[in-house]
Amino acid sequence: DTMLPLKRVVLLAARRHQSRFFSASQNNRNSRKGLVLGVYEREKEQDSLNLTEAAAGLDSVLSGKLTELLNISGPALKKGKNRIFYGLHEDFPCIAVVGLGKSSLGVCGSESWDTCKENIRAAVAGGCRVLQDHSLAHIEVDGCGDSQAAAEGAVLGLFTYDDLKTKKKTKVTTQLHGSGCVSGWQKGVLYGEGQNLARYLMEAPANHITPSVFADIITQRLTPYAEQVTVHKRSKEWIEEQKMGAFLSVSKGSEEPPVFLELHYNGCPDNSQSPLLLVGKGITFDSGGISLKPSSGMDAMRADMGGAATVCSAIVTAAALKLPINIIGLAPLCENMPSGKANKPGDVVTAKNGKTIQVCYYWMMLDVVLSVVLSGAMDVALGSAAAGVFTNSDWLWEQIHKASVVTGDRVWRMPLFDHYTRQVTDCHLADLNNVGKYSRSGGACTAAAFLREFVTAPHWAHLDIAGVMTNKDEVPYLKKGMSGRPTRTLIEFAGRLATHI
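Residues numbered from 1 in each chain as written. Predicted model: local features only at pLDDT ≥ 70, side-chain atom pairs only at ≥ 80, totals over all residues. Heavy atoms only, no water.

Where an unreviewed UniProt entry is consulted, the chain appears under the name Cytosol aminopeptidase, with the organism given as Esox lucius. According to the UniProt record, the Subunit (unreviewed entry) comment for the chain is "Homohexamer." (UniProt positions renumbered as here; feature names shortened; annotations may be inferred.)

Structure below.
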């Protein structure tokens, strides 16, 4: 039996090395902890094993047993793969060694991301999940040379929405192992938790996340930052007073009253800068109204408020990070349901700015726009690789793009030609059509052109996130389900903007 020698080696190592050097809780033998360590791919076949600093430190304490086991237990670990060792160290009954790919990689222009950071996120997420499956409640994680990316991978990889299940996953806490950058780790945890908040809101059933409940959850999450954040939960009566006819028309078919959520984060108290305005589409369930969407996949329309979820989660994270920037967040929240009161094709409604809109068939209409929105046409155009960005500003595009390269949550610039504007302004009954005159052709572009008609800011951008709303297996550090993308890119963008304004 070829497994017997390896088993004896592992047991022998466990007997010989009883060091407590790597544990913060040295005397608690009943506390089951796991450890995730990284190893790089060899640049050349003849190169020796390339361990991270933390992995090399443990290997030294174990007199080279970790290296020995990695060499005899199978082929070299490839990127994203992992191997579990048991009993090597008394403080860590299970140690997951994860493949980080080659250490020489960095920003890849053709992929528009930092390959090294993405490899770390994916590898750490995989290692943490394996240890979670071993019912370990606490995991220490190797910073792998980039503590922020490692923390993001750990926090994002362990997220599960199981609130409504009787059998739940083991709740796992994580911490940085060894001498990595503590501030980077803490920042990565906040980035990951911000995206997980968006995932939670998007994943929950629509009868559990109504407009009012959504607003209450965000309000509660902002309570610790009450000195920096003001929250206004506007009622239907207030919306009517503001003459937001386009927004109100969407909610007419639902018994759930609409809510206009307004967040003011004041991270720069001297008001020396203009605020960043973020607006997120907030339809907590989109049936299509009287123009019903196909029943197949309609359950995913509970996440049609993904724009509001990502915007609000980014503001929660900005407050937690104490970013020196002022942000206003707007989330018009409602349901779009079929009923005798719902919008009918051909109806004309009036937006807050006085423009009239002919409803050709249902599409979300906003009264204020600097937006994060979902349109199905963007899913067709880009799929899940990137969110589409429409902007009138090269400078703004550059800032958003640079942020996305850092986070690995990519964006791609889309055209905002007058060609598309003419398709929405050529309208029979009103100032605007809410779809292009050629129906689905260039649908994401005509949607952006429609939104442009409501913007007066000198620098503005519209992010269409329909294609990145869900994750099947495209992003390895996100489980199947609602993705919460591009929350981390919005956070990174806000942080970069704070240093450039």
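Trainee: Teacher, can you tell me more about the environment of valine 389 here?
Mentor: Its location among the elements puts valine 389 in strand β17 (residues 387–391). The spatial distance from the C-alpha of valine 389 to the C-alpha of isoleucine 400 is 8.7 Å, given a sequence separation of 11 residues. Among all residues touching valine 389, those that are not within four sequence positions of it are Trp397, Ile400, Val411, Trp412, Arg413, Met414, Ala461, His462 and Leu463. (Helix = DSSP H or I, 4+ residues; strand = E, 2+ residues; numbered from the N terminus. Contact = heavy atoms within 4.5 Å.)

Trainee: Would you take a moment to explain unusual backbone geometry for this structure?
Mentor: Note: most residues except glycine have negative phi, and most peptide bonds are trans. The omega torsion of the bond from arginine 485 to proline 486 falls at 0°, within 30 degrees of zero and hence cis. The phi angle at serine 112 is positive, at roughly 60°, despite the residue not being glycine. In this structure, serine 112 sits in the loop between β5 (107–108) and β6 (113–114).

Trainee: Would you explain the pattern of salt bridges in this entry?
Mentor: Side chains that differ in charge, positive against negative, can pair when their charged atoms come close. Under the counting rule described, the total for this entry stands at 23 salt bridges. Ionic pairing is found between glutamate 453 and lysine 355, a salt bridge with its closest N-O pair at 2.9 Å. Taken together, the residues span a long stretch of sequence, with glutamate 453 in the loop between α14 (443–452) and β20 (461–464) and lysine 355 in the loop between β14 (348–350) and β15 (356–358) at a distance of 98 residues. Exposure remark for lysine 355: the relative accessible area of 25% places this residue in the partly exposed category. Among the charged side chains, a network of salt bridges with common partners joins Glu118, Arg121, Glu152 and Arg488. (Salt bridge = Lys/Arg side-chain N within 4 Å of Asp/Glu carboxyl O. Buried < 20%, exposed > 50% of the residue type's maximum accessible area, 1.4 Å probe, protein only.)

Trainee: Is there a simple way to think about empty space enclosed by the protein in this case?
Mentor: Where empty space is left in the structure can be found by rolling a water-sized probe over the atoms. Applying the stated rule across the entire model yields two cavities of 30 Å³ or more. When its volume is computed, the second largest cavity comes out at roughly 40 Å³. Every residue lining the second largest cavity is listed: Gln195, Gly408, Asp409, Val475, Tyr477, Leu478, Arg485 and Arg488. Along the lines of polarity and charge, the residues of the lining of the second largest cavity split into three nonpolar, two polar and three charged. (1 Å grid on protein atoms, 1.4 Å probe; cavity = no way out; pocket = protein on both sides within 12 Å on 5 of 7 lines; lining within 4 Å. Points joined across faces, edges and corners; volume = space filled by probe spheres on them. Nonpolar A, V, L, I, M, F, W, Y, C, P; charged D, E, K, R; others polar.)

Trainee: Teacher, can you tell me more about the pairing of strand β7 (residues 138–142) here?
Mentor: Within a regular beta strand, the side chains point alternately toward one face of the sheet and then the other, so they alternate between its two faces. Within β7, five of the five residues are buried, which leaves the element mostly enclosed by the surrounding structure. Judged by which residues are buried, β7 turns out to be covered on both faces: His138, Glu140 and Asp142 on one side and Ile139 and Val141 on the other are all buried. Summarising the sheet, strand β1 (residues 33–40) and β7 pair through four bridges and their orientation is parallel. Its bridge partner lying in β7, glycine 34 is registered against isoleucine 139. Here β7 runs beside strand β8 (residues 173–177); their pairing, made up of five bridges, is parallel. Bridge pairing in β8 places isoleucine 139 opposite threonine 174. The β-α-β motif built from β7, the intervening helix α5 (residues 147–157) and the parallel element β8 has right-handed crossover chirality. (Pairing = 2+ DSSP bridges. Right-handed = clockwise from strand over helix to strand, strands pointing away.)

Trainee: Quick question: what am I supposed to make of the packing of aromatic side chains here?
Mentor: The relative placement of two aromatic rings is captured by the distance of their centres and the angle of their planes. Tallied over the full model, the rule gives five aromatic pairs. Ring centres of phenylalanine 247 and phenylalanine 260 lie 6.3 Å apart, and the angle between their planes is 65°; this geometry places the pair in the edge-to-face category. In this pair, phenylalanine 247 is assigned in helix α9 (residues 245–251) and phenylalanine 260 in strand β10 (residues 259–266), connecting sequence segments 13 residues apart. Counting every residue linked through ring pairs, the aromatic cluster contains Trp238, Phe247 and Phe260. The ring of tryptophan 113 carries the charged tip of arginine 410 above its face, separated from the ring centre by 4.0 Å. (Phe/Tyr/Trp six-rings, centres within 6.5 Å; stacked < 30°, edge-to-face > 60°. Lys NZ or Arg CZ within 6 Å of the ring centre and 35° of its normal.)

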